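Structural characterization, general
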Amino acid sequence: MFRKRKKERPLTYAELMRLFAPPPPQGLLRAYHTEGSRTTDNYAYNVKVGMRISPNPQNKESILSVDESKSTVLIANETLFFDYVHGPQSKQIDVCSSMLSDVLPAILHGRSVVVVTFGKNSLGRQYSLIGSRDSTQSLGLVPTAVTWLNKLGDDDRSKCGPNTVHVTSLRLDEQKSLSEFVSPATISKSEDLGKYLDKLTLTLPAREHPNDEALIINMTFSKSKSKKKNKDNFGMLTFIDVGTPIRNTDNSNVLCWQWLQDVTQTTGNKYYETFVQLRHNLMQSKTHIVSVGHITHSPKDYQAI
């Protein structure tokens, strides 16, 4: 008599980050020292734009031709150039490496980093940002960034990296109101962030959140029990999923995160200071801004973007 095999439960984010955290790229520490030696700041260096192309499982009509080696996308006989391009077969680790390797060290030098994802619904924005628990290779930008920052602090001889992260995750909706996805938390281990992400993913819709919402995950860093008399000056790390453009009454496109200015003008808002700092960071030449758009092979979806 055969015994029915017990179905294995999926791992939690906490278990994935504890057991299978993605190793940092070889050049991460080198980038840290390069960032520390910089004497000038300019937008040309600090702003990068990339593109991720969703799979085309049914081999539908495609108007795209992708060349990852040249970071180009050919659309309707027009070649578009990006800082990086990831095709349908790209892995999470490839996306994380290209988007994070150059900018994460800046946080340890007091510079802030803003990571932006955008695109039509169901094209993988949330997957790029957070990942999934389907495999050990599917962790997204948020858990990978914290893991690598911890590793960078451990590897640096001066032990200057942060060991405490304060996380806030917010929803900004069409009515320009803010609400928490999960209560703010202060974490000290990557595994703790995994527990936070387990809670966060339970509050997110089954697929992608609606067009009229922006997801904002804000992180501030500190070093507890520091022997230094002066407070460590770490930059802020913010992830923003801006959603899909929606139509204004005048038939123009608008992204819901553009309502940020109206939110910051409401001084009675609970998150007023956080959003003022975020808006300030977005306007600073020394802030690193990295964005990745999500498109598909379908002409219909491309026109929607």
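See the structure above.
Scope of this entry: the structure provided in the associated data block. These numbers were taken from a predicted model, which means no experiment stands behind them. (Residues numbered from 1 in each chain as written. Predicted model: local features only at pLDDT ≥ 70, side-chain atom pairs only at ≥ 80, totals over all residues. Heavy atoms only, no water.)

It is worth spelling out the overall build of the chain at this point. What the chain contains, in helices and strands, is 11 helices and 13 strands. The buried share among the 305 residues of the chain stands at 47%. When the accessible surface of the chain is summed, it comes to about 16,400 Å², and 49% of that surface belongs to carbon and sulfur atoms. (Helix = DSSP H or I, 4+ residues; strand = E, 2+ residues; numbered from the N terminus. Buried < 20%, exposed > 50% of the residue type's maximum accessible area, 1.4 Å probe, protein only. Areas by Shrake-Rupley, 256 points an atom, 1.4 Å probe, with all protein chains shown as cover.)

Turning to helix α8 (residues 190–203), a few remarks are in order. The end-to-end C-alpha separation of α8 is 20 Å, in line with the 20 Å expected for 14 residues at 1.5 Å each. Among the residues of α8, those classed as buried are Ser190, Asp192, Leu193, Gly194, Tyr196, Leu197, Asp198 and Leu200. (Expected span 1.5 Å × (residues − 1).)

Across the sheet, 3 strands lie side by side as β2-β3-β4; this open sheet has antiparallel pairing. Both edges of this open sheet fall to β2 (64–67) and β4 (78–81), since each of them pairs with a single strand only. Looking at each pair of strands side by side, their axes are set apart by 20° on average, direction ignored. (Pairing = 2+ DSSP bridges. Axes fitted to C-alpha atoms, helices over the stretch in contact; angles between N-to-C directions.)

A full pass over the atoms with the stated rule returns 2 salt bridges. Arg125 is the partner of Asp241 in a salt bridge, and the nearest nitrogen-oxygen pair spans 2.7 Å. Of this pair, Asp241 sits in strand β10 (residues 237–241) while Arg125 sits in helix α6 (residues 125–129), and the two are 116 residues apart along the sequence. When sorted by exposure, Asp241 lands in the same class as Arg125, which is buried. (Salt bridge = Lys/Arg side-chain N within 4 Å of Asp/Glu carboxyl O.)

Turning next to the sheet that holds strand β7 (residues 164–173). Strand order in the open sheet made by the 8 strands is β5-β1-β13-β6-β10-β9-β7-β8, with mixed pairing throughout. In the strand order of this sheet, the two ends are held by β5 (84–86) and β8 (178–187), each with one partner. On average, adjacent strands in this sheet sit at an angle of 15° to one another, irrespective of strand direction. Across 10 bridges, β7 lies against strand β9 (residues 213–222) in antiparallel orientation. In the strand pairing of β9, Leu172 is matched with Ala214. On the sheet, helix α4 (residues 92–100) packs against β1 (47–53), β5, β6 (113–119) and β13 (288–295) and is oriented at approximately 170° with respect to β5. (Contact = heavy atoms within 4.5 Å.)

Another point: the side chain of Arg125. Overall, the relative accessible area of 0% leaves Arg125 in the buried class. Within the local environment of Arg125, its side chain forms a polar contact with the side chain of Asp241, the two groups lying 2.7 Å apart. (Polar contact = N/O pair within 3.5 Å; in protein donor to acceptor, adjacent residues only side chain to side chain.)

Our next topic: α4. Residues spaced three or four apart along an α-helix face the same direction, because each turn holds 3.6 residues. Along α4, the residues classified as buried are Gln92, Val95, Cys96, Met99 and Leu100. Down the axis of α4, the smallest arc covering the buried residues is 100°, so these residues share one side. (Arc of directions from axis to C-beta.)

When you tally the buried positions in β9, you get 8 out of 10 residues, the bulk of the element. Summarising the sheet, β9 and β10 pair through 5 bridges and their orientation is antiparallel. Paired with Ile217 across the strands is Phe239, a residue of β10.

That is the geometry; function is a separate question.
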